[in-house]
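Chain and residue survey
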Amino acid sequence: LEFPTEVIRELETINEEMTENDAKDRQDLRDLPTITIDPVSAKDYDDAIGYIATDSNIKLYVHIADVSHYVKPELKLFEEAVKRGNSYYFPKMVIPMLPEKLSNKVCSLRPDEDKLTMTVETIFDSDFNIIRQKAYQSIIKSDARFSYDEIDDLFEGKKNEIKPELAEMLRNMLALSRELDKKRIKRGYIKLNLPETEFIFNDEGIVIDLKRSNETESHVLIENFMLLANEFVAQKLSDKPTLYRIHEYPDEEKILSLQEILSNYKLTLTDLNDLHHSLQKVLAEMKEENYHRVFDKIILRSFRKARYSTENPGHFGLAMDTYTHFTSPIRRICDLIVHLQLKDRLTGKPDRFSRGELENYAGKASECEKIADESEREVEIKNKLLFMKKQIGEEFTGIIVGVQPSSLLVELDSLPVSGRVELSTLKDDYYEYFEKHQEIVGKRYGKIYKLTDPVRVMISKIDDDIYLNILKNK
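What counts and how
- Residues numbered from 1 in each chain as written.
- Predicted model: local features only at pLDDT ≥ 70, side-chain atom pairs only at ≥ 80, totals over all residues.
- Heavy atoms only, no water.
- Helix = DSSP H or I, 4+ residues; strand = E, 2+ residues; numbered from the N terminus.
- Buried < 20%, exposed > 50% of the residue type's maximum accessible area, 1.4 Å probe, protein only.
- Contact = heavy atoms within 4.5 Å.
- Pairing = 2+ DSSP bridges.
- 1 Å grid on protein atoms, 1.4 Å probe; cavity = no way out; pocket = protein on both sides within 12 Å on 5 of 7 lines; lining within 4 Å.
- Points joined across faces, edges and corners; volume = space filled by probe spheres on them.
- Disulfide = S-S within 2.5 Å.
- Nonpolar A, V, L, I, M, F, W, Y, C, P; charged D, E, K, R; others polar.
- Axes fitted to C-alpha atoms, helices over the stretch in contact; angles between N-to-C directions.
- Parallel < 35°, antiparallel > 145°, perpendicular 65-115°, else oblique.
- Left-handed = near helix turned anticlockwise from the far one by under 90°.
- Phe/Tyr/Trp six-rings, centres within 6.5 Å; stacked < 30°, edge-to-face > 60°.
- Lys NZ or Arg CZ within 6 Å of the ring centre and 35° of its normal.
- Salt bridge = Lys/Arg side-chain N within 4 Å of Asp/Glu carboxyl O.
- Core = buried A, V, L, I, M, F, W, Y, C linked by side-chain atoms within 4.5 Å.
- Patch = residues over 30% accessible without salt bridge, like charges linked within 9 Å, V, L, I, M, F, W, Y side chains within 5 Å.
- Areas by Shrake-Rupley, 256 points an atom, 1.4 Å probe, with all protein chains shown as cover.
- Lys, Arg positive; Asp, Glu negative; His and termini not counted.
- Charge placed at Lys NZ, Arg CZ, Asp CG, Glu CD.

1. Things to note about the environment of Val94
- For Val94, the location among the structural elements is in strand β6 (residues 93–95).
- The class of Val94 is partly exposed, set by a relative accessible area of 36%.
- Setting aside residues up to four positions removed in sequence, Val94 forms contacts with Leu1, Ser87, Tyr88 and Tyr89.

See below:
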């Protein structure tokens, strides 16, 4: 949480207010309608969006905080940002990549404040086809800061306090987002349903409830617009060495294993030569929510992990040939480096990073992202264990989401929590594990436990994991 003394010293030289010199050679977009949409608890607003429609075309503006104006490679601020790699997000706490003065104040696109940004402007025809795109340095002033919940209330026709002119703009944005979504899916985008856990705390900071987050239309809208900007910037920089966000094609052995598991549950990967659309077809065939709760995760585990690289094999999950991260420079080092490269390109300056330096940044960023994922997961597990200690002896319904040689994994229906049923606790028979079918079978009576099966369980013990006992149906 603490930053080195030399970083704090550099911060003191940064003005919180935009100066006349800062505004030089920038397009002034302060009169355009502009908003931010973020989680209700967010304080670092990286991105803002705007939309203008005329009789002949539609203009979408994606404005990203110009962190590179303040954090340059020769500064200790940049060195520290590289060291951290990204911000770390935990329930009730953030360990930021940049000091709070920058992340929550100077760079954060707060409403009614003049802010320096990098803008990607996309012009569409009336059928939502892209006519042209361009990027430039800009100044904006956000008209309003919204949470996802507020925007979803508008989209669902619920009572809201959004000004009529902004409400109309948002409805038009929604129409555009839906069309972009259709185009992405047609291209092969693999849309998995992977809800995250939302922790509910009381005033003392104790977890009092757990909820599954839902990806709503407001989330999809922001995702679609950010993907549009990221892809354009990647294409613009791709003629010289740059940083890509890559997701390599899945390992053949893992896909064959996935194909076998799916076939045992009457799901078919029809064409491994067109894996994108085959996976889309499988996902569309899953009519039961329980299937998505199980197989979306299994499909994800069959993929490679996305990472940063100077090589560009494309992004499998997004079905994009060229992709990077540009839209979150407050919280990711690679986005900041891409900003610096884009700014050099726009101003005609020579490349400031060698391929070797970029390779080092890509490796460091991928490593820090892995640490962030693992630490965030560990904190999440510990919070769940603490919460579930109060539930010992309680009964729940759930479904089997994993089958292992010595245990079943069960995800509860009412809480985003999974626990372990050790096979040794199943006293009615001796059960044998069949990996190929992802099931266990009783040797004497032939009872089968398999993926997606509904079960009733009791929380029996909380230790390094959540342990469950299966109960007989009433």
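2. Re the pairing of strand β4 (residues 58–65)
- With 7 of 8 residues buried, β4 is to be regarded as a mostly interior element.
- Of the pairings in the sheet, the one linking strand β3 (residues 47–53) to β4 comprises 7 bridges and is antiparallel in character. Among the inter-strand pairings, Ala48 is bridged to a residue of β4, identified as His63.
- Counted between consecutive antiparallel strands, the loop separating β3 from β4 contains 4 residues.
- Here β4 pairs with strand β7 (residues 114–124) via 8 bridges, running antiparallel. Paired with Leu60 across the strands is Thr122, a residue of β7.

3. A closer look at empty space enclosed by the protein
- Under the criterion given, the structure shown has 2 cavities of 30 Å³ or more.
- The volume enclosed by the largest cavity comes to roughly 50 Å³.
- If you trace the largest cavity, you find it lined by Asn15, Glu16, Glu17, Met18, Tyr70, Val106, Asp114, Lys115 and Leu116.
- If you tally residues by element for the lining of the largest cavity, the top one is β7, at 3 residues.

4. Things to note about the state of the cysteines
- Inspection of every chain in the model, using the stated rule, returns 0 disulfides.
- Looking at Cys368, it has no disulfide partner, and the nearest cysteine sulfur is the one in Cys334, 9.6 Å off.
- Since its relative accessible area comes to 2%, Cys368 is described here as buried.

5. With respect to the layout of surface pockets
- Here the second largest pocket defines a volume of roughly 420 Å³.
- What lines the second largest pocket is a set of 19 residues, and nearest its centre among them are Arg26, His69, Lys72, Gln137 and Lys343.
- Among the elements that make up the lining of the second largest pocket, the one with the highest residue count is helix α10 (residues 333–347) (3 residues).
- Tallied by class, residues from the lining of the second largest pocket come to 3 nonpolar, 8 polar and 8 charged.

6. Focus: the packing of helix α6 (residues 217–237) against α10
- In contact at an axis separation of 11 Å, α6 and α10 are set at 55° when each is read in the N-to-C sense. One way to sum up the angle between α6 and α10 is to call them oblique. Where α6 crosses over α10, the two elements pack in a sense that is left-handed. Between α6, through Val233, Lys236 and Leu237, and α10, the contact on the second element is made entirely by Val338, Gln341, Leu342, Arg345 and Leu346.

7. Quick notes on the packing of aromatic side chains
- Inspection of the entire model under this criterion finds 8 aromatic pairs.
- Seen in terms of ring centroids, Phe199 and Phe201 are 6.4 Å apart; in terms of plane orientation they differ by 35°. Their pairing is tilted.
- Note on Phe199: relative accessible area 12%, which makes it buried.
- In textbook terms, an aromatic cluster arises when at least three aromatic residues are bridged by ring pairs, as seen for Phe78, Phe353 and Tyr361.
- Over the ring of Tyr308 we find Arg245; its NZ or CZ atom is 4.6 Å from the centre of that ring.
- Note that Lys447 overlies the ring of Tyr449, its terminal NZ or CZ placed 4.8 Å from the centroid.

8. What to know about the pattern of salt bridges
- If you walk through the whole model with that rule in mind, you get 32 salt bridges.
- Among the ionic pairs, Arg332 bridges to Asp335, the shortest N-O distance being 2.8 Å. Here the two residues Arg332 and Asp335 agree in accessibility, since each one is buried.
- Linked by salt bridges that have partners in common, Arg212, Arg293, Lys297, Glu411 and Asp413 make up one network.

9. Things to note about the nonpolar core
- With 81 residues, the main nonpolar core has Ile37, Ile49, Phe78, Leu102, Leu170 and Phe225 as its most contacted residues.
- Of the residues forming this core, the biggest block, 9 residues, is contributed by α6.
- For Ile49, the residues in contact, after removing those within four places along its chain, are Pro33, Thr34, Ile35, Ile37, Tyr61, Val62, His63, Met173, Leu221, Ile222, Phe225 and Met226.
- If you look at the next biggest cluster of nonpolar residues, it comprises 51 residues, including Met286, Val294, Phe295 and Val410.

10. What to know about a negative patch on the surface
- Taken together, the side chains of Asp149, Glu150, Glu161 and Glu198 present a region of like negative charge at the surface.
- On the secondary structure map, Glu198 appears in strand β10 (residues 197–201).

11. Brief notes about the sheet that holds strand β18 (residues 439–442)
- A sheet is described by the order of its strands in space; here 3 strands give the open sequence β17-β18-β19, paired in antiparallel fashion. Two strands close off the open sheet at either side, each with one partner strand: β17 (431–434) and β19 (448–450). Along the sheet, successive strands turn relative to each other by an average axial angle of 20°, direction set aside.
- Both β17 and β18 contribute to a ladder of 4 bridges, which runs antiparallel. Within the sheet, the bridge partner assigned to Glu432 lies in β18 and is Val441.

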